[in-house]
Amino acid sequence: MSTYRYKLMHFYDIDDWQLFDLETDPNEMDNLYGKAGYEEITEELKNELKRLVVKYDDDTAVSI
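Predicted, not measured: the structure shown is a model, and the values here were computed from it. (Residues numbered from 1 in each chain as written. Predicted model: local features only at pLDDT ≥ 70, side-chain atom pairs only at ≥ 80, totals over all residues. Heavy atoms only, no water.)

Draft legend 1. Representation of the environment of Ser2 in the model. One can find Ser2 in the segment before β1 (6-11). For Ser2, a relative accessible area of 42% puts it in the partly exposed group. C-alpha of Ser2 to C-alpha of Tyr56: the two residues are 54 residues apart in sequence and 17 Å apart in space. (Helix = DSSP H or I, 4+ residues; strand = E, 2+ residues; numbered from the N terminus. Buried < 20%, exposed > 50% of the residue type's maximum accessible area, 1.4 Å probe, protein only.)

Next up, the structure:
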């Protein structure tokens, strides 16, 4: 799930999350997931991901 600025990824097989600020880190080197100050954008992107999972009836998406 991404916006123009942020990108959230969830690797289901290993249950790993990554969040990147594409404006300040275009090479996606600094994982911001779980870091202070990023809780709100993380929650917003997770909610959008959940909405899309329901919309597209994605039964492969687990533990969001």
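Further notes follow.
Draft legend 2. Here's a closer look at the pairing of strand β2 (residues 16-21). Bridge count between β1 and β2: six bridges; the pairing is antiparallel. Bridging across to β2, Met9 finds its partner in Gln18. Following β1, the chain reverses through four residues before pairing antiparallel with β2; Asp15 in that reversal takes a positive phi of roughly 50°. (Pairing = 2+ DSSP bridges.)

Draft legend 3. Expanded view of the pattern of salt bridges. Here the structure, examined in full by the defined rule, presents five salt bridges. Close ionic contact of Glu48 with Arg51 constitutes a salt bridge, the shortest N to O distance being 2.7 Å. Separated by three residues within a single helix, Glu48 and Arg51 lie in helix α1 (residues 39-55), roughly one turn from each other. Accessibility expressed as a relative area gives 26% for Glu48, which makes it partly exposed. Salt bridges linked by common partners bring Arg5, Asp21 and Glu23 together as one network. (Salt bridge = Lys/Arg side-chain N within 4 Å of Asp/Glu carboxyl O.)

Draft legend 4. Quick look at the environment of Phe20. Inspection of the secondary structure assignment puts Phe20 in strand β2. Once the C-alpha coordinates of Phe20 and Leu49 are considered, the two residues, 29 residues apart in sequence, prove to be 15 Å apart. Once you skip the residues sitting within four places of it in the chain, Phe20 turns out to touch Arg5, Tyr6, Lys7, Met9, Asp25, Glu28, Met29, Asp30, Asn31 and Leu32. (Contact = heavy atoms within 4.5 Å.)

Draft legend 5. Here's a closer look at α1. The end-to-end C-alpha distance of α1, which contains 17 residues, comes to 24 Å, matching closely the 24 Å that a straight helix rising 1.5 Å per residue would cover. Within α1 the residues assigned to the buried category are Ile41, Thr42, Leu45, Lys46, Leu49 and Val53. One side of α1 holds all its buried residues, which, seen down the axis, span an arc of 130°. The outward face of α1, more than 90 degrees from its buried face, is lined by the exposed residues Glu40, Val54 and Lys55. The elements touched by buried residues of α1 are β1 and β2. (Expected span 1.5 Å × (residues − 1). Arc of directions from axis to C-beta.)

In short, shape yes, function no, at least from these values alone.
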